[in-house]
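Architecture at a glance
Listed below are the residues making up each chain.
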Amino acid sequence: MTVCTVFLLGTSFDARVEGTGSGNAKVRADEGAAAFTPFAYGSHPRQRLLALWHKRSATAPRPGLVVLHGGYWTDDRSPHWNTWSARFAKAGYDVFDIDYRRNVDAPWPAQRNDVLAALRWIRGHSASFGVDPRRLYLLGSSAGGHLALSAATYGGARATGVRVRGVIGLSPVTDPLRAWRDGRHGNARERRVRANAEVLAACDPGRDRSARCARIWRDMNVATHLTPDDPPMLLLHSRWDFVPDAHSRALARTGGDAVSVTTLPGSAHGGPLMDLPGVMDMIRSWLLGR
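In this text the structure is predicted, and so the values were computed from the model without any measurement.

1. Section: the overall build of the protein chain
Across its full length, the protein chain carries 10 helices and eight strands. Burial status across the protein chain gives 54% buried among its 290 residues. Long-range pairs, those at least 24 residues apart, make up 73% of the contacts in the protein chain with a sequence separation of at least 6.

This is the structure:
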């Protein structure tokens, strides 16, 4: 199938980009914002994003929220993100919902590279969207939380050409090696995280004792790349989350005051945390304070 790279902004609710991946679906938003419109930020069929930006002119550029769905590094984007993204659009953000290469498409660090490439694309087209490139925020869920944190802490703005103002992680897998170890005797979902983390790394840390394999797993650990210059991070888990808050609390012990961890009641995971009472207000308040 021929891939059509779209760069001009459109207003049609049925705008599409040919190819595979979750960014290929027709989706709608409310009438207060433009359509979710797909764009290509790279040549691979999964290097797509859905943009939801405001049609009305503004006196100043708007902040941008870059969303990274979860799904064990291998699943497509859930349609529930249409609703969650529209909530942020109503709150005044231009929203960019990113798709990326799965672990079965390419091994690590392709996924982190995709997030960085998408951020550079958004910055390069910020004037067309009316978004402030100095006020870009990342929000990632589960495996997407891992990618958001990994991109935000990797190398800094000078090395990557990308700087974000803050990161929100919803049940983020901050250390895939920890998830791999915990999943050995875990429930079905924990075992699936373990299996897909191994696919992502393309090596089994229990059997492959090579320096290369150890280096990959170390590189996937967000804490490896933390520096004092990293943006602030708000990390949320539920009490019975199958990605436990121990992931984020370990990161906070390394990252210090830049990392804030909140444990919510219940067992919700990832995006559904935003449906809990008061959580969207918490996130919006945190974003406004950055």
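From this point on, the discussion continues.
2. Overview of the pairing of strand 3 (residues 62-68)
Counting buried positions along strand 3 yields seven of seven residues, so the element is predominantly enclosed. The pairing of strand 3 with strand 4 (residues 94-98) spans five bridges and is classified as parallel. Paired with L65 across the bridge in strand 4 is V95. On the question of chirality, the crossover connecting strand 3 to the parallel strand 4 by way of helix 1 (residues 80-90) is right-handed.

3. Let's talk about the sheet that holds strand 3
Pairing is mixed in the open sheet, where eight strands are placed in the order 1-2-4-3-5-6-7-8. Of all the strands in the sheet, just strand 1 (37-40) and strand 8 (259-264) have a single pairing partner and so form its edges. Sheet twist, expressed as the average angle between the axes of neighbouring strands with direction ignored, equals 20 degrees. Summarising the sheet, strand 3 and strand 5 (residues 131-141) pair through six bridges and their orientation is parallel. In the sheet register, L65 faces strand 5, and the bridge partner there is Y137.

4. What to know about the pattern of salt bridges
Summed over all chains, the structure comprises 16 salt bridges. Note that D105 and R46 form a salt bridge whose closest N and O atoms lie 3.7 Å from each other. Here the residue D105 occupies a position in the loop between strand 4 and helix 2 (110-124), and R46 occupies one in the loop between strand 1 and strand 2 (48-52), the gap between them amounting to 59 residues. Given the relative accessible area of 29%, D105 is considered partly exposed. Between D281 and R284 there is a salt bridge, and its shortest N-O distance comes to 2.7 Å. Residue D281 and its partner R284 are located together in helix 10 (residues 279-288), separated by three residues, close to a single helical turn. Among the ionic contacts, a cluster of salt bridges with common partners joins R46, D76, D99, R102 and D105.

5. Observations concerning the nonpolar core
Counting 55 residues, the largest nonpolar core has L49, F96, I98, L138 and W217 as the members making the most contacts within it. The contacts of I98, once residues within four sequence positions are left out, are Y41, R48, L49, V66, V67, L68, H69, A118 and I122. Ranked by size, the runner-up nonpolar core spans 26 residues in total, among them L50, L65, I168 and I283.

6. As for unusual backbone geometry
In the segment running from W108 into P109, the intervening peptide bond is cis, with an omega of 15 degrees. You can see P109 is positioned in the loop between strand 4 and helix 2. For S142, which is not glycine, the phi dihedral falls at a positive 60 degrees. With respect to the secondary-structure elements, S142 resides in the loop between strand 5 and helix 4 (143-153).

7. Quick word on the packing of helix 7 (residues 188-201) against helix 8 (residues 211-220)
Look at helix 7 against helix 8: their axes get within 10 Å of each other, and the N-to-C directions meet at 115 degrees. The handedness of the crossing between helix 7 and helix 8 comes out as right-handed. Judged by residue contacts, A197, E198, L200 and A201 of helix 7 engage I216, W217 and M220 from helix 8. Of the residues that constitute the contact of helix 7 with helix 8, the class distribution is six nonpolar, no polar and one charged.

8. A closer look at the confidence of the model for the protein chain
For the protein chain, mean pLDDT is 87; residues scoring 70 or higher make up 85% of the total. Taken together, the stretch residues 1-33 has pLDDT below 50 and engages in 78 contacts with residues farther than four places along the chain or on a different chain.

Rules used throughout
Throughout, a residue's number is its position along its own chain's written sequence, starting from 1. Note on the predicted model: pLDDT of at least 70 is required for a residue's local features to be given, and 80 or more for side-chain atom pairs to be given and counted; whole-chain, interface and lining totals, by contrast, use all residues. Computation of side-chain values: all heavy atoms of the structure, hydrogens and water removed. Secondary structure follows DSSP: runs of H or I at least 4 residues long count as helices, runs of E at least 2 residues long count as strands, and numbering of each begins at the N terminus. Throughout this description, buried means an accessible area under 20% of the type-specific maximum (1.4 Å probe, protein chains only), exposed means over 50%, and partly exposed covers the range between. Whether two residues touch is decided by their heavy atoms; if any such pair falls within 4.5 Å, the residues are in contact. At least two bridges found by DSSP between two strands are what make those strands a pair. When the strands point away from the viewer, a crossover counts as right-handed if the path from the first strand over the helix to the second runs clockwise. With axes taken as lines fitted to C-alpha atoms, and helix axes fitted only over the stretch in contact, angles between N-to-C directions fall between 0 and 180 degrees. We define a salt bridge as a contact between a side-chain nitrogen of Lys or Arg and a carboxyl oxygen of Asp or Glu at a distance within 4 Å. Residue types Ala, Val, Leu, Ile, Met, Phe, Trp, Tyr and Cys, when buried and joined through side-chain atoms within 4.5 Å, form a set referred to as a nonpolar core. Rotating anticlockwise by less than a right angle from the far helix to the near helix defines a left-handed crossing, while the corresponding clockwise rotation defines a right-handed one. Amino acids outside the nonpolar list (Ala, Val, Leu, Ile, Met, Phe, Trp, Tyr, Cys, Pro) and the charged list (Asp, Glu, Lys, Arg) are all regarded as polar, and Gly is one of them. Each residue carries a pLDDT value, the predictor's own confidence for that position, ranging from 0 to 100.

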